[in-house]
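Coordinates in review
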Amino acid sequence: MIEIPEYDACVVEVPCIQGICDTRFTAVREALAQNFRRHGEVGAAVAVTIGGRFVVDLWAGWADEARTRPWQRDTLVNVFSVGKAMATLAILILVERGVLDLDTPVAHYWPEFAAQGKRAVTVRMLLCHRAGVPAIRRALPDDAMYNWEVMTAALAAEMPWWEPGQTHGYHVNTFGFLTGELVRRASTEGFGTFFEREISGPLGADFHFGIGSEHDARIADYFFGDLSTSEPAPNDTSDEGHRVLLQHVYFNPPGLSGLGTVNERAWRGAVMPSTNGHANARAVAGIYSALACDGTVDSVRLLHPETIHNAIAEASGGTDFVLHRPSRFGLGFQLTQPETPLGPNPRSFGHFGAGGALGFADPDAQLAFGYTMNRGGPRWRNPRVRALIDALYASL
């Protein structure tokens, strides 16, 4: 058995890096140190499992921009779209149980959703970003994203931005409300409750949607850093129609993407599966460890192997209607692609979050990876997460 030493040693020019690291993966620890030294990391954690066993679980830095609160083992942070994979898991669990069917129209479970030409939109289309409802046209109040009923009613009444099924476009902020409402309709309980009972609870994963104020002391403040290197801005196009679409995707209601809202108690306490999951790297890797090992880890089965196999087959690929850049999806999961590789193996799948957070599984290596941080950077080819992944695979 390989001994895993405890790390609690200060490295010159970087904060103390703490946690465990198998001796084979010291390059990952060094990459984390270099992220502080060269890439402006403030607080971060990285975790890796192989065959369901943690071989890396490291953290360092600060939980606030002023650098007054050290990042701790149990520090949580907003992980944005990493939560989309958790919403996907919930849907797939219900599909396995026969409660939902991928090729049945969403309106069968959610009758109001049939409005404005969406009657034929299937559960499968929702999962692979082909439903055509990435945004809401009607202007919503500032705090509408905190009201589940307001958001889901607006989505049900929305007219598609393209003919459903004909192309794919990333449902940046609506995916979680759409899938979460399906979970609510099919299971008769809210998404956050279902996720805790069926996924995070059984695995002991410190991952939350709608987190209570009793956890505030261990939640890191998130700050966006240089927004010019983050998600595409609404004016990053010469096409007026696309500019209007992006404005609604990211800023209707105004705080929907977290700008000016991400550190508020109302944001933390709401359930917004696309954007406001709070977790640490250990929790992210722990959930993906089951998916990397045919759906089961520590005697907890999330999914059967066949379900995972079907979920990671490409369902959407090519130029994204919303992002205007390449994207590749299975059923809810982002798939590895040359522009944003999840390691060298072709079946790797997972989900990035705004600013660079990431969770993914590599079933060929039985490997799971989680990375969380509180200073945003470019999700698209983020040098910090890229360095960690490269170091990880160089160590195998």
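Sequence order as written defines residue numbering, which begins from 1 separately in each chain. Totals for whole chains, interfaces and linings use every residue, but because this is a predicted model, local features are given only for residues with pLDDT of at least 70 and side-chain atom pairs only at 80 or more, for both listing and counting. The side-chain values count all of the structure's non-hydrogen atoms but skip hydrogen atoms and water molecules.

Caution is warranted with low-pLDDT regions, since their predicted coordinates should not be read in detail. Per residue, pLDDT captures the predictor's confidence, and it can take any value from 0 to 100. With 93% of its residues at a pLDDT of 70 or more, the protein shows a mean pLDDT of 94. Should any heavy atoms of two residues lie within 4.5 Å, those residues are considered in contact. Per-residue pLDDT stays below 50 along residues 227-235; that stretch engages in 20 contacts with residues further than four places along the chain or on separate chains.

Before going further, it helps to examine helix α5 (residues 148-157). Along α5, the positions that sit buried rather than exposed are Trp148, Met151, Thr152, Ala154, Leu155 and Ala156. N or O atoms within 3.5 Å of each other form a polar contact, as long as, within protein, one can give a hydrogen and the other can take it, and as long as residues adjacent in sequence are counted only when both atoms are side-chain atoms. Helix numbering and strand numbering both begin at the N terminus, where a helix is a DSSP run of H or I of at least 4 residues and a strand a DSSP run of E of at least 2. Two or three places before Glu149, at the opening of α5, Asn147 has a side-chain oxygen 3.2 Å from that residue's backbone nitrogen. Here the term buried applies to any residue with accessible area under 20% of the maximum for its type, exposed to any over 50%, and partly exposed to those in between, with areas from a 1.4 Å probe on protein chains only.

On to the packing of α5 against helix α6 (residues 175-187), then. Axis lines are fitted through C-alpha atoms, for helices just across the contact stretch, and the angle between N-to-C directions can take any value from 0 to 180 degrees. Two numbers describe how α5 lies on α6: the axes approach to 10 Å, and their chain directions differ by 105°. Viewed along their axes, α5 and α6 adopt a mutual orientation that is roughly perpendicular. Taken together, the residues of α6 that come into contact with α5 (itself represented by Trp148, Met151, Thr152 and Leu155) are Gly176, Phe177, Leu178, Gly180, Glu181 and Arg184. Counted by class, the contact of α5 with α6 contains 5 nonpolar, 3 polar and 2 charged residues. Note that the term roughly parallel is reserved for angles under 35 degrees, roughly antiparallel for angles over 145, roughly perpendicular for angles of 65 to 115, and oblique for everything else. As a working rule, the residues Ala, Val, Leu, Ile, Met, Phe, Trp, Tyr, Cys and Pro are called nonpolar, Asp, Glu, Lys and Arg charged, and the rest polar, with Gly in that last group.

Another point: the packing of aromatic side chains. What counts as a ring pair is set by centres within 6.5 Å for rings of Phe, Tyr and Trp (its six-membered ring), and what kind of pair is set by the plane angle: stacked under 30 degrees, edge-to-face over 60, tilted for all other angles. All told, the structure shown has 15 aromatic pairs when counted by the stated rule. For the ring pair Phe80 and Tyr222, a centre distance of 4.9 Å and an interplane angle of 65° mean the geometry is edge-to-face. Taken as a pair, Phe80 in the loop between β5 (77-78) and α2 (82-96) and Tyr222 in the loop between β6 (207-208) and α8 (240-251) lie far apart in primary sequence, 142 residues in all. For the pair shown, Phe80 and Tyr222 are each scored as buried. For the pair Trp110 and Phe113, a centre-to-centre distance of 5.1 Å together with 35° between the ring planes defines the contact as tilted.

This part covers the sheet that holds β5. Taken in spatial order, the 3 strands line up as β5-β7-β6 in an open sheet, and their pairing is antiparallel. Both edges of this open sheet fall to β5 and β6, since each of them pairs with a single strand only. Each pair of strands is called paired provided DSSP finds at least two bridges between the two strands. For β5 and strand β7 (residues 278-279), the ladder comprises 2 bridges, and the chain directions are antiparallel. Looking across to β7, one finds that Asn78 is bridged to His278.

On to unusual backbone geometry. Leaving glycine aside, a negative phi is the common case for residues, and trans is the common case for peptide bonds. The amide bond that connects Asn252 to the next residue, Pro253, takes the cis arrangement and shows omega of 0°. Examined against the element boundaries, Pro253 turns out to sit in the loop between α8 and α9 (265-269). Of note, the phi angle at Ser299 is positive, near 65°, even though the residue is not glycine. Here Ser299 shows up in the loop between β8 (296-297) and β9 (300-301). Phi is positive for His324, which is not a glycine, with a value near 55°. Residue position: His324 is located in the loop between β10 (316-319) and β11 (326-329).

A few words on the side chain of Arg218. Mapped onto the fold, Arg218 is located in the loop between β6 and α8. Residue Arg218 is classed as buried on the basis of its relative accessible area of 17%. Once residues lying within four places of it in the same chain are set aside, the contact partners of Arg218 are Asp74, Thr75, Leu76, Asp206 and His208.

Relative to the assigned elements, Pro338 resides in the loop between β12 (334-335) and β13 (349-352). Taking the relative accessible area as the measure of exposure, Pro338 reaches 76% and is therefore exposed. Separated by 193 residues in sequence, Pro338 and Met145 have C-alpha atoms that sit 34 Å apart.

One way to put it is that helix α1 (residues 26-38) packs onto helix α12 (residues 383-395) with a least axis distance of 8 Å and a crossing angle of 165°. Our classification of the angle between α1 and α12 gives roughly antiparallel. α1 and α12 meet at a crossing whose hand is right-handed. In this structure, α1 contributes Ala27, Val28, Ala31, Leu32 and Asn35 to the contact, and α12 contributes Pro383, Arg384, Ala387, Leu388, Ala391, Leu392 and Ser395. Tallied by class, the residues present in the contact of α1 with α12 amount to 9 nonpolar, 2 polar and 1 charged. By definition, turning the near helix anticlockwise from the far helix through less than a right angle yields a left-handed crossing, and turning it clockwise yields a right-handed one.

On to the pairing of strand β14 (residues 358-362). Taken across its 5 residues, β14 has 5 buried, putting it largely inside the fold. The side-chain alternation of β14 yields two buried faces, one formed by Leu358, Phe360 and Asp362 and the other by Gly359 and Ala361. Two elements, β13 and β14, share 4 bridges in a ladder whose sense is antiparallel. Its bridge partner lying in β14, His351 is registered against Gly359.

So, on to the pairing of β11. Of the two faces of β11, only one is covered, namely that formed by Ser327 and Phe329; the face formed by Pro326 and Arg328 stays uncovered. Across 4 bridges, β10 lies against β11 in antiparallel orientation. Along β11, the bridge assignment pairs Thr319 with Pro326. Hairpin connection from β10 to β11: 6 residues lie between these consecutive antiparallel strands, with His324 at a positive phi of about 55°.

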